Amino acid sequence: MLLALAPCSQATPPAPTADTLIYETREGDTLIALGERLLARPQDWRQVAALNRIEAPRRIPVGTRLRFPVRLLKHEPRDGTVLAAVGDASLQAPDGAPRSIRQGDALPPGSVVRTAGNGYVTVKLADGSVLRIQADTEARLDTSRQYQQAGFFASVWEVVRGRVEALVTHMTGGEPRFQVKTPQAVLGVRGTEFRVDADATRGQTRGETLTGAVAVQGGRGETLVRAGFGTVAQAGMAPVPARPLPVAPDVAGLPALQERILVRFQLPSVPQAVAYRGQVAEDEQFQIVRGEVTSDTPQLRFADLPDGDYVLRARAIDAQGLESPDAIHRFKLKARPEAPIAATPAPGSKWRTASVPLAWAAHPKAWRYRVQVATAADFQSPLLDREDLTETALDVSLPPGDYHWRVATTAAGSDRGPWGDPLRFSVRPQPAALPAPQVTDDTLAFQMQGEPGQVFELQLGRDTGFQSLAATQRSGDARIVLPKPQEGGLLHVRYRAIDPDGFIGPWTAPQQLVLPACVRSGTGECLGASGRFAVSPP
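Quick notes on the rules
Residue numbering note: each chain is counted from 1, following its sequence as written. Predicted model: local features are reported for residues with pLDDT of at least 70 only, side-chain atom pairs are reported and counted for 80 or more only, and whole-chain, interface and lining totals are derived from all residues. To obtain the side-chain values, all non-hydrogen atoms of the structure were included, while hydrogens and water were left out. The numbering of helices and of strands both runs from the N terminus, where a helix is a DSSP run of H or I of at least 4 residues and a strand a run of E of at least 2. Values of the radius of gyration come from C-alpha atoms, whereas the globule rule sets the reference at 2.2 Å times the count of residues to the power 0.38. Burial classes: relative accessible area under 20% of the type maximum marks a residue as buried, over 50% as exposed, and values in between as partly exposed (1.4 Å probe, protein chains only). Contacts: residue pairs with any heavy atoms within 4.5 Å of one another. Only the protein chains shown count as cover for residues, with accessible areas throughout obtained via the Shrake-Rupley method and a probe of 1.4 Å. Counting rule for charge: Lys and Arg are taken as positive, Asp and Glu as negative, and neither His nor the chain ends is counted. For charged residues, the charge sits on one atom: NZ in Lys, CZ in Arg, CG in Asp, CD in Glu. Stacked, tilted and edge-to-face are the three classes applied to pairs of Phe, Tyr and Trp rings, where Trp contributes its six-membered ring and a pair requires centres within 6.5 Å; stacked means planes under 30 degrees apart, edge-to-face means over 60, and tilted covers the rest. Pairs of N or O atoms are called polar contacts if they sit within 3.5 Å, as long as, within protein, a hydrogen donor faces a hydrogen acceptor (for residues adjacent in sequence, only side-chain-to-side-chain pairs). Definitions used throughout: a 1 Å grid over protein atoms alone; a cavity as a set of points that fits a 1.4 Å probe which cannot get out; a pocket as an open set with protein on both sides within 12 Å along at least five of seven lines; a lining residue as one with an atom within 4 Å of a point. Grid points are joined across faces, edges and corners, and a volume is the space filled by probe spheres set on the points. Amino acids are sorted into nonpolar (Ala, Val, Leu, Ile, Met, Phe, Trp, Tyr, Cys and Pro), charged (Asp, Glu, Lys and Arg) and polar (every other residue, Gly among them). Throughout this description, the term nonpolar core refers to a set of buried Ala, Val, Leu, Ile, Met, Phe, Trp, Tyr and Cys residues connected via side-chain atoms within 4.5 Å. The criterion for strand pairing is that DSSP finds at least two bridges linking the strands in question. Within this document, salt bridges are pairs made up of a side-chain nitrogen of Lys or Arg and a carboxyl oxygen of Asp or Glu, the two lying within 4 Å of each other.

Draft legend 1. Structural context of the overall build of the protein chain. When helices and strands are tallied, the protein chain shows two helices and 47 strands. Compactness check: the protein chain gives a C-alpha radius of gyration of 42 Å against a globular reference of 24 Å for 538 residues, more than 25% above the reference. Overall size of the protein chain, expressed as C-alpha extent along the three principal axes, is 155 × 45 × 45 Å. Relative to its full complement of 538 residues, the protein chain shows a buried share of 46%. Expressed as a percentage of contacts within the protein chain between residues at least 6 apart in sequence, the contacts between residues at least 24 apart total 56%. Accessible surface, the protein chain: about 26,000 Å² in total, of which carbon and sulfur atoms supply 50%. Computing the positive centroid from 59 side-chain charges and the negative centroid from 57, the protein chain places the two 5 Å apart.

Draft legend 2. Main features of unusual backbone geometry. Put simply, Arg 336 and Pro 337 share a cis peptide bond, and its omega is -5°. Relative to the elements of secondary structure, Pro 337 occurs in the loop between strand S28 (327–333) and strand S29 (342–344). The linkage connecting Thr 344 with the following residue, Pro 345, adopts the cis geometry, with an omega of 0°. Tracing the chain through its elements places Pro 345 in the loop between S29 and strand S30 (349–351). The residue Phe 286 is not glycine, and still its phi comes out positive at about 55°. Mapped onto the elements, Phe 286 comes out in the loop between strand S24 (275–281) and strand S25 (289–295). The phi angle at Phe 379 is positive, at roughly 55°, despite the residue not being glycine.

Draft legend 3. Seen up close, the packing of aromatic side chains. This model, assessed by the stated rule, comprises nine aromatic pairs. Between Phe 178 and Phe 194, the aromatic rings sit 6.4 Å apart at their centres with planes inclined by 85°, giving edge-to-face as the arrangement. Residue Phe 178 is located in strand S14 (residues 177–181), and its partner Phe 194 is located in strand S16 (residues 193–199); the two are separated by 16 residues in the primary sequence. In terms of burial, Phe 178 and Phe 194 fall into one category: buried. Ring geometry for Tyr 403 against Phe 425: centres 5.6 Å apart, planes inclined by 25°, an arrangement best described as stacked. One end of the pair, Tyr 403, is in strand S35 (residues 401–411); the other, Phe 425, is in strand S37 (residues 423–427), with 22 residues separating them in the sequence.

Draft legend 4. Spotlight on the side chain of Thr 182. With respect to the element layout, Thr 182 can be found in the loop between S14 and strand S15 (186–189). In this structure the side chain of Thr 182 is engaged in a polar contact, spanning 2.6 Å, whose partner is the side chain of Thr 205. Setting aside its immediate chain neighbours within four residues, Thr 182 contacts Val 159, Val 196, Ala 198 and Thr 205.

Draft legend 5. Region of the structure containing empty space enclosed by the protein. One pass over the structure, following the stated rule, counts three cavities of 30 Å³ or more. Taken as a whole, the largest cavity holds about 70 Å³ of empty space. Secondary-structure elements contributing two or more residues to the lining of the largest cavity are strand S13 (152–167) and S16. Taken together, the residues of the lining of the largest cavity break down into two nonpolar, one polar and seven charged. The volume enclosed by the second largest cavity comes to roughly 40 Å³. Lining of the second largest cavity is provided by Arg 132, Glu 165, Ala 166, Leu 167, Glu 193, Phe 194, Arg 195, Leu 210, Arg 313, Arg 315 and Asp 326. Elements represented by at least two residues in the lining of the second largest cavity include exactly S13, S16 and strand S27 (308–317).

Draft legend 6. Highlighting the nonpolar core. By size, the foremost hydrophobic cluster in this structure holds 30 residues, and its most contacted members are Val 121, Ile 133, Trp 157, Phe 178 and Phe 194. Here this core gets four residues from one element, more than from any other, and that element is S13. Sequence-distant contacts of Ile 133, that is, excluding residues within four places in its chain, are made with Val 113, Thr 115, Gly 119, Tyr 120, Val 121, Val 123, Ala 139, Trp 157, Arg 163 and Val 164.

Draft legend 7. Here's a closer look at the sheet that holds S27. Read across the open sheet, the five strands follow the order S22-S28-S27-S24-S25; overall the sheet is mixed. Each edge of the sheet is formed by a strand with only one pairing partner; in this case those strands are strand S22 (257–258) and S25.

Draft legend 8. Fine view of the pattern of salt bridges. Evaluation of the coordinates by the stated rule reveals 38 salt bridges. Across the salt bridge formed by Glu 76 and Arg 78, the nearest N and O atoms sit 2.8 Å from each other. Among the ionic pairs, Asp 307 bridges to Arg 336, the shortest N-O distance being 2.8 Å. Pair noted here: Asp 307 is in the loop between strand S26 (299–302) and S27 and Arg 336 is in the loop between S28 and S29, with a separation of 29 residues, a long-range link. A relative accessible area of 29% places Asp 307 in the partly exposed class. Linked by salt bridges that have partners in common, Arg 132, Arg 163, Glu 165, Glu 193, Arg 195, Glu 208, Arg 277, Glu 292, Arg 313, Arg 315, Glu 323 and Asp 326 make up one network.

Draft legend 9. The environment of Pro 422, seen in detail. Locating Pro 422 in the fold gives a position in the loop between strand S36 (415–416) and S37. For the pair Pro 422 and Phe 379, spaced 43 residues apart in the sequence, the C-alpha separation amounts to 9.2 Å.

Draft legend 10. Main features of the pairing of strand S18 (residues 213–218). Because side chains alternate across S18, one face comprises the buried residues Val 214, Val 216 and Gly 218, and the other comprises Ala 213, Ala 215 and Gln 217, none of which is buried. Here S15 runs beside S18; their pairing, made up of three bridges, is antiparallel. Counted as the bridge partner of Leu 187 is Val 216 from S18. Judged from the six bridges that link them, S18 and strand S19 (residues 221–226) form a sheet pairing that is antiparallel. From the neighbouring strand, Val 216 faces S19, where its bridge partner is Thr 223. Hairpin remark: S18 followed by S19, antiparallel, with two residues in the connecting loop; positive phi at Gly 219, about 60°.

In structure tokens, the structure reads:
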């Protein structure tokens, strides 16, 4: 990497190395004076003279380009600062034991940061560069120096495993030298935004450049990775040629409001993507990350987020493990107080009653409940809209038809929670009253009124509870014929209909059947019955 302190005017500049500073001399410069100003040990000017083949150190022509080894320059160590730390993360200073890391902690060179599966740490260096250390990562700040006289900074991070995101800034009066080392590669930049993944499982390093350019060295080769491209490096091998990153997922159609504890985002599929990564943070810089998932499908799910405003960033991942640029989506989560659990009517249930009982479980934080019933699933024109309910049940009289209902919780301070899932139910006509039977000497014939495909069940009981049955019959025909009981007397009759889908309707209200006894001959033969037959309410 090459840094210059003055504009270049020499036609054929000296060939620099990666650790060389080029200085263009001005009026009055001598090599001895430059050694006093720039070198950690002023007497090392002789090494500079030998490197640049300077025979007259006191008489250097103006505009001469001199090479200064960076290792000889004056410098001071500069601590980094922890901007944010969330989840489980630790800091181990060069002379200390690991401890929990906190916002505001100083990060001297030699410090090691370790994050758990829910840990995220953001560090700012003295040159303004920012490193976001992701979950399940171990990173060491190997070098952080300021070369004040030379006008630049130099920083080296060592990522043992895991992922980091670097935002390297350009500095006035010089450019920062910033490197990230992994077991497989060295990534060097002057000012850019890039990501590094030291994948211990695959034994490889992946680098992705978002802005600027990154030089990735590995083995005996080097690859320049420009914005929108990435590379993969194996130990001892040159990095593969830079390849385009996957296309970012389209998040334009994602909902801006989430109302469930389990937050779901269904992304459109991305061509060539084999997986997807999603992160949710409280801030747009993703320093306060509250959730992260990777998925083999385009659905991202996040659990246990408190209510609030969030930013989602979603990425597509290709077969090489390279990740797309971020797709950003802002959303609000309002899932509390949660809707109570609906009990009845159950989804898809049918009712043949004068009123339908709505019931739900009690919510521990509920001050009131809100209930709506509508014919349309969008509830634009509800037939019932109550928000003053303090009990967990309500009977609603509804004519035959198809309906939807939903319930929500209102907590203290009029804190309205989201609606529960709409549930559909049906109200069907109640069974018609049973007409008087057709009576012969030997039979009773009942004609039920029902719907096509129904099965009917009829009972004759000697008591109102139908514990003692005189007769019972089940038939797919609306006309049921029973043998006439010979004993006569007071009987009770009822029937119910069973729909083709198996739904068993309610019993009709019991009615009384006054049945005269049979008049018998001397031989016991029934000669007929006298009196009247009638079906009447009990």
